[in-house]
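# Structure assessment
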Amino acid sequence: MAATTLDLADLSGFRRKLTLLSSIGMFLDGFDLTVIAVALPVLKKSWTFTPFTSGVTSCSAIVGMFVGALVFGRIADRLGRKKMYLLDLIGFVVFAALAALSQNVWELIAARFLLGLCLGADYPISSSLTAEFGAARDRGRLVVALSLMWNVGALAAYLVGVAFLPIGPTAWRWMLLVGAVLALVTLAFRTSIPESPRYLIAQGRHDEARRVIAKVVSGSGTAVAPEDVVLPEPQAEPDRPTAAGSASWRRLFARGLVGATIFVCVFWFAHDVAYYGIQMYSPTILTGLGGSTQLAAYLGSAIIALLGVVGAAIALAFVDSWGRRPVLITAFAGETAVLVVLALVHAPALALIVVLFAMAILFSNMGPGTLDMVYCTELFPTELRAAGTGLGTAVSRLGAILGVLVFPDMVAAWGVSGALWLFVAAGLLGLVITVLLAPETKNRSLEQTAGARRVSGGTAPAAAGPDLVVSTTEEDR
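An account of the accompanying structure is given in this report. (Residues numbered from 1 in each chain as written. Predicted model: local features only at pLDDT ≥ 70, side-chain atom pairs only at ≥ 80, totals over all residues. Heavy atoms only, no water.)

As a further point, take the pattern of salt bridges. Proximity of charged atoms lets side chains of opposite charge pair with each other. Throughout the structure, instances matching the rule amount to 13 salt bridges. Its salt-bridge partner being Asp320, residue Arg141 comes within 3.6 Å of it at the nearest N-O pair. You can see Arg141 sitting in helix H5 (residues 139–164) and its partner Asp320 sitting in the loop between helix H11 (294–318) and helix H12 (324–344), a full 179 residues away along the chain. Residues Arg397 and Asp272 are paired through a salt bridge, measuring 2.7 Å at the closest nitrogen-oxygen approach. (Salt bridge = Lys/Arg side-chain N within 4 Å of Asp/Glu carboxyl O. Helix = DSSP H or I, 4+ residues; strand = E, 2+ residues; numbered from the N terminus.)

Shown next as structure tokens:
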């Protein structure tokens, strides 16, 4: 027999293209979320900010992400990945440009909130589409690449800040406008990406799925006609409906999925409490600890962000060989240990806190900051994948809001060292939930990983449901 599957077919060229276009969207997510931390110190020289408006400006996009991930993740499960894959990027262009053109604080807050809706939408859409075209042997690396590019985007925000700082009072407008320009360029290339065949099958659109698979496989060098594509019979189970309208939030908390839902939401929430608290306030914290100039604070923040990229690169190297579970446990343990050291050190020098913050971000991105979307795309079935990822994203934004809004008040009351115990507690929570609930899903197809539970040795049980089959000979049909 000459049959093959999407997991075995040579689609490396198409997968690289899809991952690149999805990862550019994540680059823009990281850039647009971080650039406000870079722009605010410049903006405060021209506009009047109260502590309240400063905090709301910092987290307005994060609040938008909370809403966008919840709403548009579920819409992507109803209307399809491809439509939303384009629409959310249009929002990147429009609302990033409006933020750059804002004339007062509240216009900026409104534009950033609307931008956040689109940023939140892109998490479940891009990760679901990338995972559903991925192969079991390298799906982890493909999805981790999205998170890697998020961190590259965050680093780019600081470098853009350094580059535009000499412009003067209007530098913040150019910083915000960069995201709109990059999104516009990416939008033109995303139009060539087809709908996910796994999504089409979940909707009962088998002929369309055959055409998409045949086109993608043929485009990779092996000629296949749609009629040569053999799809598995739908295996609708009582608790796994496949109709478009049957996807429900209740399903995420039903037997078989509730463990995965709790695990994803809690560990991602714990990660974001510390990560965003450090990421959004690095320039402010570093300035207060001895950064004599804004440039010094930007450069220190850029070093921290660079170590975040290194952490994501480590995850990229080990996620499919060592496995999801050991990488995540190691990362949470390392992050928590570094945060304890940070909390115990009083009145640290600028260089020391840059090093320790950088190590904390390295461990953070080595595990929870990159495996969040990997686990979401693997643990939820196709008909609920974007909705489940959207829920995880939304809950994680609550952690981000906690880190962004509460941390500054804790610093004012207890000092930086005292306030860092909030992050230590978050790290411990993430570590405990990972040890208790994290399954191992490496080298398994998406049909096998949905609803996987923690079992002996951390291995996900093989679920029913064959992979998509492509037959290239008459006898295989």
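With respect to the helices and strands, Ser22 occurs in helix H1 (residues 12–43). Once the C-alpha coordinates of Ser22 and Leu142 are considered, the two residues, 120 residues apart in sequence, prove to be 9.9 Å apart. The contacts of Ser22, once residues within four sequence positions are left out, are Tyr85, Asp122, Ser126, Thr130, Leu146 and Arg190. Engagement of the side chain of Ser22 in a polar contact is seen with the side chain of Tyr85, the distance being 2.8 Å. (Contact = heavy atoms within 4.5 Å. Polar contact = N/O pair within 3.5 Å; in protein donor to acceptor, adjacent residues only side chain to side chain.)

The subject of this paragraph is the packing of helix H4 (residues 105–133) against helix H15 (residues 385–419). Two elements in contact, H4 and H15, have axes separated by 8 Å at closest approach and are oriented at 135 degrees. As far as their axial angle goes, H15 and H4 are oblique. At the point where H4 passes H15, the crossing takes the right-handed sense. Residues Tyr123, Pro124, Ser127, Ser128 and Glu132 of H4 form the contact with H15, whose own contacting residues are Arg385, Ala386, Thr389, Gly390, Thr393 and Arg397. Broken down by class, the residue content of the contact of H4 with H15 amounts to 3 nonpolar, 5 polar and 3 charged. (Axes fitted to C-alpha atoms, helices over the stretch in contact; angles between N-to-C directions. Parallel < 35°, antiparallel > 145°, perpendicular 65-115°, else oblique. Left-handed = near helix turned anticlockwise from the far one by under 90°. Nonpolar A, V, L, I, M, F, W, Y, C, P; charged D, E, K, R; others polar.)

Right, let's talk about the environment of Trp172 for a bit. For Trp172, the location among the structural elements is in helix H6 (residues 171–190). As a C-alpha pair, Trp172 and Gly161 span 11 residues in sequence and 8.1 Å in three-dimensional space. In terms of polar contacts, Trp172 uses its side chain to reach the backbone carbonyl oxygen of Pro169, at 3.5 Å.

A few words now on the side chain of Thr34. Examined against the element boundaries, Thr34 turns out to sit in helix H1. Other than its neighbours up to four places away in sequence, Thr34 contacts Trp150, Ala154, Ala157, Tyr158 and Gln279.

Turning to the packing of aromatic side chains, a few remarks are in order. For the coordinates displayed, the defined rule picks out 13 aromatic pairs. Ring geometry for Phe263 against Tyr375: centres 5.0 Å apart, planes inclined by 85 degrees, an arrangement best described as edge-to-face. Placement of Phe263 in helix H10 (residues 258–288) and of Tyr375 in helix H14 (residues 368–379) is noted, with a sequence separation of 112 residues between them. Since its relative accessible area comes to 0%, Phe263 is described here as buried. Of the residues examined, Tyr375 reaches a relative accessible area of 0% and is grouped as buried. Summarising the aromatic geometry, the rings of Tyr275 and Tyr276 are spaced 5.6 Å apart at their centres and angled 80 degrees between planes, so their arrangement reads as edge-to-face. The exposure classification of Tyr275 matches that of Tyr276, with both residues buried. Taken together, the aromatic side chains of Phe263, Phe267, Phe332 and Tyr375 make up a single cluster linked through ring pairs. Taking the ring centre of Tyr85 as reference, the NZ or CZ of Arg190 above it sits at 3.9 Å. (Phe/Tyr/Trp six-rings, centres within 6.5 Å; stacked < 30°, edge-to-face > 60°. Buried < 20%, exposed > 50% of the residue type's maximum accessible area, 1.4 Å probe, protein only. Lys NZ or Arg CZ within 6 Å of the ring centre and 35° of its normal.)

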